[in-house]
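# Examination of the molecular architecture
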Protein chains: 2
Amino acid sequence: MSRTIVFDVNETLLDLNALNPHFERIFGDVALKTAWFKQVLQTALVMTVLGEYTDFGSVGGIALDMTALRQGVTLSDDDRAAIRDTMLNLPPHPEVPEALTRLKNAGFRLAALTNSAQQAAETQLTNAGLAPLFEHKMSVEAVRRFKPAAEVYNMAAEALGEAPSNLRMVAAHDWDVAGAMHAGWRGAFVARPGMVIAPQAEHPDIIGSDMTEVVNKILVVDV
Amino acid sequence: MSRTIVFDVNETLLDLNALNPHFERIFGDVALKTAWFKQVLQTALVMTVLGEYTDFGSVGGIALDMTALRQGVTLSDDDRAAIRDTMLNLPPHPEVPEALTRLKNAGFRLAALTNSAQQAAETQLTNAGLAPLFEHKMSVEAVRRFKPAAEVYNMAAEALGEAPSNLRMVAAHDWDVAGAMHAGWRGAFVARPGMVIAPQAEHPDIIGSDMTEVVNKILVVDV
């Protein structure tokens, strides 16, 4: 039973497709949005392996410059600002507000735990209209290591005052769910389009195709 | 001055394009080869952050299954075997044998340091005709953490009996060069097509577009 549910933010709650018009305009190919975000994640993982840290927004800028170098595209300051500003103004996936409200109304504690920096996370959740739903908004900035490093989940468990086994991490990234489960949490995977878990990996006990399906299962399993 | 030069293997010495016909046949899209190898690297990085390890060949299989899941493709055992066998039989990039031979003939010690497992690395280098060039063939298997973890470079420096500052890591991956430099080595980046270093990152003192250019620079800098 997990009465405190912790949500990843980017891609899990918020829809990165709002960036598509900018990638279309800058690179002439919306597929570069996906390539860019994969580079963001790779850069964050490499920093964590090397014991380095810079805020996730800066990692986004680094990955954008690498994507531009690969494509032979010269970025303007306006291009960079457009991506940065849009990342702070992402809409929620359509089913998210209703699903989270239902969970909160059922008496669950809701928290956010994100690779975004603290101030950026608060801005993102406020702009998406989700901020009032969360009792805690937590950032990896507190430990200066990105998910899925164990320090992140341990910090969050301590901040929430809960044993790891009472916590459930909800994410659209297999590595985030794996990191939480590795730290003794339960997991829930939101299998959004293109998101998969390796068949060989330990699967969380909750998998749904969107947040509605995940919340429906939480309301059965974690009552 | 670095008189011992350590080479990454996959993509740096060996040409993954030999896999293209298989990805074309299995997925109908050769671009999935690149997506697959990015997933290989992400899975290896995540394992290293989580303190887990399995051999790189198995990581390749996991990433292949994830790629197939994403594409809605069912893999046969023959498909899996074709990718695995081709990974063990990759040809060197065309300029590599001559460039490395020139470096060895100039009196340099040459070593390989790869994410591939020990036996796989030896098979790969033998099949590519490069094995006799290397005094040491080293695998991350010895420390069960993937590059760019510091343990890998420290293990290699000890095996080579050299101070880190006497070693130079040559790789087509920015994160491998960064890991080596982080451990006190010099670096050299092979800027093969699609391979870039973040503009903001510390750059190694040697960058070349292929192995010929990199070796030419080593022969000037490290004499």
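Just so you know, the residues in each chain are numbered from 1, in the order the chain's sequence is written. Working convention: letters from A go to chains and numbers from 1 go to ligands, in the order in which they are written. Thresholds applied to this predicted model are a pLDDT of at least 70 for local features of residues and 80 or more for the giving and counting of side-chain atom pairs; totals over whole chains, interfaces and linings are not thresholded and use all residues. Neither water nor hydrogens contribute to the side-chain values; these are computed over all heavy atoms in the structure.

### A few points about the interface of chain B and chain A
Pairs of residues are marked as contacts when any of their non-hydrogen atoms sit within 4.5 Å. Taken together, the 27 residues of chain B in the interface contact 27 residues of chain A. Two parts placed together each lose some accessible area under a 1.4 Å probe, and the buried area is that loss summed for both. For the pair chain B and chain A, the summed buried surface comes to about 2600 Å²; carbon and sulfur atoms form 71% of the total. Distance and chemistry together define a polar contact, namely a pair of N or O atoms within 3.5 Å, with one atom able to donate a hydrogen and the other to accept it when in protein, and with adjacent residues in sequence counting only for side-chain atoms on both sides. At the boundary of chain B with chain A, the tally comes to eight residue pairs in polar contact (both at pLDDT 80 or more). For helices the rule is a DSSP run of H or I covering at least 4 residues; for strands it is a run of E covering at least 2, with both sets numbered from the N terminus onward. Elements with a contribution of two residues or more to the side of chain B that touches chain A: helix 2 (31-50), helix 3 (56-71) and helix 8 (174-182) of chain B. All residues other than Ala, Val, Leu, Ile, Met, Phe, Trp, Tyr, Cys, Pro, Asp, Glu, Lys and Arg, Gly among them, are scored as polar; the first ten of these are nonpolar and the last four charged. For the side of chain B that touches chain A, the residue count by class is 16 nonpolar, seven polar and four charged.

### Some remarks on empty space enclosed by the protein
A cavity, in this analysis, means grid points on a 1 Å lattice covering only the protein atoms where a 1.4 Å probe fits yet has no way out; a pocket is instead an open set bounded by protein on both sides within 12 Å along at least five of seven lines, and a residue lines either one if it has an atom within 4 Å of a point. Grid points are joined across faces, edges and corners, and a volume is the space filled by probe spheres set on the points. Counted by the stated rule, this structure contains four cavities of 30 Å³ or more. Of the pockets and cavities examined, the largest cavity occupies roughly 70 Å³. Listing elements by their share of the lining of the largest cavity, those giving two or more residues are helix 2 (31-50) and helix 8 (174-182) of chain A. Shared between two domains, the lining of the largest cavity holds at least three residues of each, these being domain 1 (4-15 + 90-221) and domain 2 (16-87) of chain A. As a volume, the second largest cavity reaches approximately 60 Å³. For the second largest cavity, the full set of lining residues is Asp8, Asn10, Phe37, Leu41, Phe56, Asn115, His173 and Trp175 of chain B. In the lining of the second largest cavity, the residues fall into four nonpolar, three polar and one charged. Domain delimitation in this document rests on an assignment produced automatically or drawn from a domain database. Both domains that meet at the lining of the second largest cavity, namely domain 1 (4-15 + 91-221) and domain 2 (16-87) of chain B, each give it at least three residues.

### Regarding the domain arrangement of chain A
It is common to give the size of an interface as the accessible area lost on bringing the parts into contact. Residue and element names in this part refer to chain A. Taken as a whole, chain A is organised into domain 1 (4-15 + 90-221) and domain 2 (16-87). Summarising the inter-unit geometry, the C-alpha centres of domain 1 and domain 2 are found 23 Å apart. Contact with domain 1, which involves 20 residues of that partner, is made by 19 residues of domain 2. Carbon and sulfur atoms supply 66% of the area buried between domain 1 and domain 2, which totals about 1500 Å² over both sides.

### Focus on the relation of the copies chain B and chain A
When the copies are superposed, the least-squares fit draws on C-alpha atoms of residues that have pLDDT of at least 70 in both. Rotating chain B by 180 degrees about the axis while translating it 0.0 Å along that axis superimposes it on chain A, leaving an RMSD of 0.0 Å. Here the copies are linked by what is in effect a two-fold axis. In this assembly, 100% of the residues forming the interface of chain B have copies in chain A that are likewise at the interface, indicating an isologous arrangement.

### Some points on the nonpolar core
Here, nonpolar core means buried Ala, Val, Leu, Ile, Met, Phe, Trp, Tyr and Cys residues that are tied together by side-chain atoms lying within 4.5 Å of each other. For each residue, the accessible area found with a 1.4 Å probe, counting protein chains only, is set against the maximum for its type, and the residue is called buried under 20%, exposed over 50%, and partly exposed in between. Residues Leu13, Trp185 and Met211 of chain A together with Leu13, Trp185 and Met211 of chain B are the most contacted members of the largest nonpolar core, which totals 158 residues. Beyond its immediate chain neighbours, meaning those up to four positions away, Trp185 of chain A contacts Val6, Leu113, Tyr153, Ala156, Ala157, Pro164, Leu167, Arg168, Met169 and Ala180 of chain A. Core analysis: the next-biggest nonpolar cluster, separate from the first, contains five residues, Ala171, Val177, Met181 and Ile197 of chain A among them.

### A look at helix 3 (residues 56-71) of chain A
Relative to the 22 Å expected for 16 residues at 1.5 Å per residue, helix 3 of chain A spans 22 Å between its end C-alpha atoms, a close match to the ideal helical length. When helix 3 of chain A is considered as a whole, its buried residues turn out to be Phe56, Val59, Gly60, Ile62, Ala63, Leu64, Asp65, Met66, Thr67 and Ala68 of chain A. Against the buried residues of helix 3 of chain A lie helix 1 (20-27), helix 2 and helix 4 (77-87) of chain A together with helix 8 of chain B. Looking one or two places after helix 3 of chain A, you find Gly72 of chain A, whose phi comes out positive at around 65 degrees. What a helix should span is 1.5 Å times the count of its residues minus one.

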